[in-house]
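For reference, the chains in residue letters:
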Amino acid sequence: MADVVFRSIAWSNTRILPPMTAAPRLQKGDVVDLSVTGLAFGGKGLAKIDDFVVFVTGAVPGDVVRARVTKYKKRYAEARVVGLLASSPDRCPARCTSFGSCGGCVWQNLDYGVQLDYKARQVRESLEHLGGLHDFTQRPIVGMADPWRYRNRADFSVGMSEKGAVVGFRPPGRWDSVLPLTECHLLNRATEGVRETVESWLRANDLPGWNPRSGTGYIRHLVVRSAQNGAETLVSVVTAPGELPDANGLVQRLRTSHPEIVGILHAVNGGRAEVSSGLESRVLWGRPFLLERVAGVSLRVSINAFFQTNTLMAHELYRIVSREVLAEGDAAAPGETAATGPVVWDLYSGVGSIGLSLAKQVGSVLAVEAVPAAVADARENARLNGISDVHFLEGDVAKVLRDAADGVLTLPEGSALPDVVLIDPPRAGLSKKAVSRVGKVGAPRIVYVSCNPATLAPNAAQLQEYGYHLERVTPVDMFPHTPHVECVALLVRS
Ligand code: SAH
């Protein structure tokens, strides 16, 4: 499209610039008409003026939009849609009244099938362009049949409005304000109801929300986690230091309105960091953990332990992991027999969900996790499920790998060096050091579960140095309506 550039001199006075051929001399505040042709990392629309890239907030591929430039750099610009000139056929109506201002699910206006196509493409392009990897099989992306109300966890922020405390989400880029919320279609109804009850209790007691700019106020966050498809709910009110006023009133209200609640906690954050997890907490009523079921195992999940936020898709994810770990359809790796099954190391194991779900089919599992509450849950979970050949090490994965690579790791009785190393790290992926240590451990297979293809790609490329080849990758949509994508990669050592 021959893009016409409008330069805004004042809000009421817009000068039209002629179509451009060379790199545009844009500036902040300019208004441009753009054809949006793709999606960028983070979910923004991608448009080009000749070869110059513009990231467009609020646009989907196929749109023709009028957009105001919000940032201009040498190599790219950012812009925000001010008018839709032609609508993409892939657009669909957003369900949520807060869509656009909330920022929680930027793709709600994009057809779900198209979202899946883009995520699959993002995985392939990351592996090819960021990892230089080409010779691998990509399986079709696994999506959700009903991609709504899938989140089992909400971390609400609490702020202030003229009506009193507000329990909602921070709008994108606004670390100091909270958007009032009437609905969220990613949360289950129980979670939405708990939010409303707590907000009205805060207002009835005149309790002030937190102001992160001044470091004043009292109520900072509300964490609501649920299990068994909303049959169990755990609530944690996070405040600045100080006794929680009317705690009994809160417990009464919550228990009366929400019989699915199994525990109510008060957590204290005395620091400046905006964290809602990993804090000291006190049980006001009930128990400090949920009981979940996934992939054939029962799991205790404590308030401070990680668990996959989409339980339904966690089943799918673990099914794929199990297929890759067990090398289903592949020849058994040397040293493995059907009778013993492979020895698996489950690194970044959380509450033990993957290792425990595999336990019956594999030889033994050694699980490594840094958060003590998660390790305690994992040990309890092994007991709960009557599983004895899973061993849990509390510690930093990089250090455990260093000791293993140096041959000085004291293995718990009954465990052995791995046939399969299973890695499920946080978004940052593995450090170069951790990669080299995994490489030196030298297991025949690595199954890498990644929530960030942009870190999986370089890690998979680095592992080539240690003889590993990326065999196949399966993307899984754990986070519909957001640009995030999970995937399971199988790497085999030649
Ligand atoms: N595999 C688990 C958890 C994955 S999330 C599941 O599917 O539920 C990543 C986990 O890694 C979290 O539990 C986090 O506490 C843990 N973790 C993060 N950094 C770590 C490190 N350096 N060493 C060990 N565990 C770590």
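Each value, and the rule that gives it
Residues numbered from 1 in each chain as written. Predicted model: local features only at pLDDT ≥ 70, side-chain atom pairs only at ≥ 80, totals over all residues. Heavy atoms only, no water. Pairing = 2+ DSSP bridges. Helix = DSSP H or I, 4+ residues; strand = E, 2+ residues; numbered from the N terminus. Contact = heavy atoms within 4.5 Å. Axes fitted to C-alpha atoms, helices over the stretch in contact; angles between N-to-C directions. Expected span 1.5 Å × (residues − 1). Buried < 20%, exposed > 50% of the residue type's maximum accessible area, 1.4 Å probe, protein only. Polar contact = N/O pair within 3.5 Å; in protein donor to acceptor, adjacent residues only side chain to side chain. Phe/Tyr/Trp six-rings, centres within 6.5 Å; stacked < 30°, edge-to-face > 60°. Near = heavy atom within 4 Å. Nonpolar A, V, L, I, M, F, W, Y, C, P; charged D, E, K, R; others polar.

Asks: Got a minute to help me understand the sheet that holds strand β18 (residues 364–369) in this structure?
Replies: Within a beta sheet, neighbouring strands are joined by backbone hydrogen bonds and run either parallel or antiparallel to one another. Across the sheet, eight strands lie side by side as β8-β22-β23-β21-β20-β17-β18-β19; this open sheet has mixed pairing. Where the open sheet ends on each side, the last strands, each with one partner, are β8 (137–138) and β19 (390–394). Bridge analysis of strand β17 (residues 343–347) against β18 gives five bridges, and the strand direction is parallel. When the sheet's bridge partners are listed, V343 is paired in β18 with S364. Against the sheet, helix α1 (residues 112–130) makes contact with β8, β22 (468–476) and β23 (486–493), and its axis sits at roughly 160° relative to β22, the strand it touches most.

Asks: Just to check I follow, could you spell out the sheet that holds strand β10 (residues 164–168) for this structure?
Replies: One open sheet accounts for six strands, arranged β10-β9-β11-β12-β13-β14; its pairing is mixed. At either end of the open sheet lies a strand with only one pairing partner, and these are β10 and β14 (281–286). Averaged over all adjacent pairs, the angle separating strand axes in this sheet is 20°, with direction ignored. Pairing analysis gives five bridges linking strand β13 (residues 261–268) to β14, with the strands arranged antiparallel. If you follow G263 over to β14, its bridge partner there is G286. Its contacts with the sheet put helix α2 (residues 189–204) on β9 (153–161), β10, β11 (219–227), β12 (232–239) and β13, and the angle it makes with β10 is roughly 165°.

Asks: Even after reading the chapter, I still don't get α1, so can you show me in this structure?
Replies: Side chains of residues three or four places apart in an α-helix project in the same direction, reflecting 3.6 residues per turn. In this model, α1 (19 residues) spans 26 Å end to end at C-alpha, consistent with the 27 Å of a helix rising 1.5 Å per residue. Within the sequence span of α1, burial applies to Y112, V114, Q115, L116, Y118, K119, A120, Q122, V123, S126 and L127. Residues of α1 that are buried sit in contact with β3 (31–39), β8, α9 (453–463), β22 and β23. Structurally, the start of α1 carries an N-cap: the backbone nitrogen of G113 is 3.1 Å from a side-chain oxygen of D111. Phi for G132, located one or two positions after α1, is positive at around 60°.

Asks: What should I look at first to understand unusual backbone geometry in this one?
Replies: Among all residues except glycine, the phi angle is most often negative; among peptide bonds, the trans geometry is most common. You will see that D206, though not glycine, has its phi angle at about 55°, which is positive. Overall, D206 belongs to the exposed group, its relative accessible area being 70%. If you check the backbone angles, A295 has positive phi at about 45° while not being a glycine. Mapped onto the elements, A295 comes out in the loop between β15 (289–294) and β16 (297–302).

Asks: What is the right way to read the packing of aromatic side chains from this model?
Replies: When we look at a pair of aromatic rings, we describe it by the centre distance and by the angle of the planes. Under the counting rule described, the total for this entry stands at three aromatic pairs. Between the aromatic rings of F55 and Y76, the centroid separation amounts to 5.6 Å while the plane-to-plane angle is 65°, which identifies the pairing as edge-to-face. Placement of the pair is F55 in strand β5 (residues 52–57) and Y76 in strand β7 (residues 76–86), with a sequence separation of 21 residues. Given the relative accessible area of 23%, F55 is considered partly exposed. Ring centres of F156 and F169 lie 5.1 Å apart, and the angle between their planes is 25°; on these two criteria the pair is classed as stacked. Separated by 13 residues along the polypeptide, F156 in strand β9 and F169 in the loop between β10 and α2 bring together distant segments of the chain. Classification of F156 by relative accessible area gives buried; the value is 0%.

Asks: I would appreciate a short explanation of the environment of D117 in the present structure.
Replies: With respect to the secondary-structure elements, D117 resides in helix α1. On a C-alpha basis, the gap between D117 and P140 in space is 9.3 Å, while along the polypeptide they are 23 residues apart.

Asks: I tried to follow the side chain of E192 on my own but got confused; where do I start?
Replies: Among the structural elements, E192 can be located in helix α2. In this structure the side chain of E192 is engaged in a polar contact, spanning 2.8 Å, whose partner is the backbone nitrogen of C184.

Asks: Please clarify how the site of the ligand should be interpreted in this entry.
Replies: Neighbouring the ligand are 16 residues; Q308, Y318, E369, D396 and D424 lie closest to it. Note that an oxygen atom of the ligand is positioned 2.7 Å from one of the side-chain N or O atoms of Y318. Between a nitrogen atom of the ligand and a side-chain N or O atom of D396, the distance comes to 2.7 Å. Taken together, the residues of the shell around the ligand break down into eight nonpolar, five polar and three charged.

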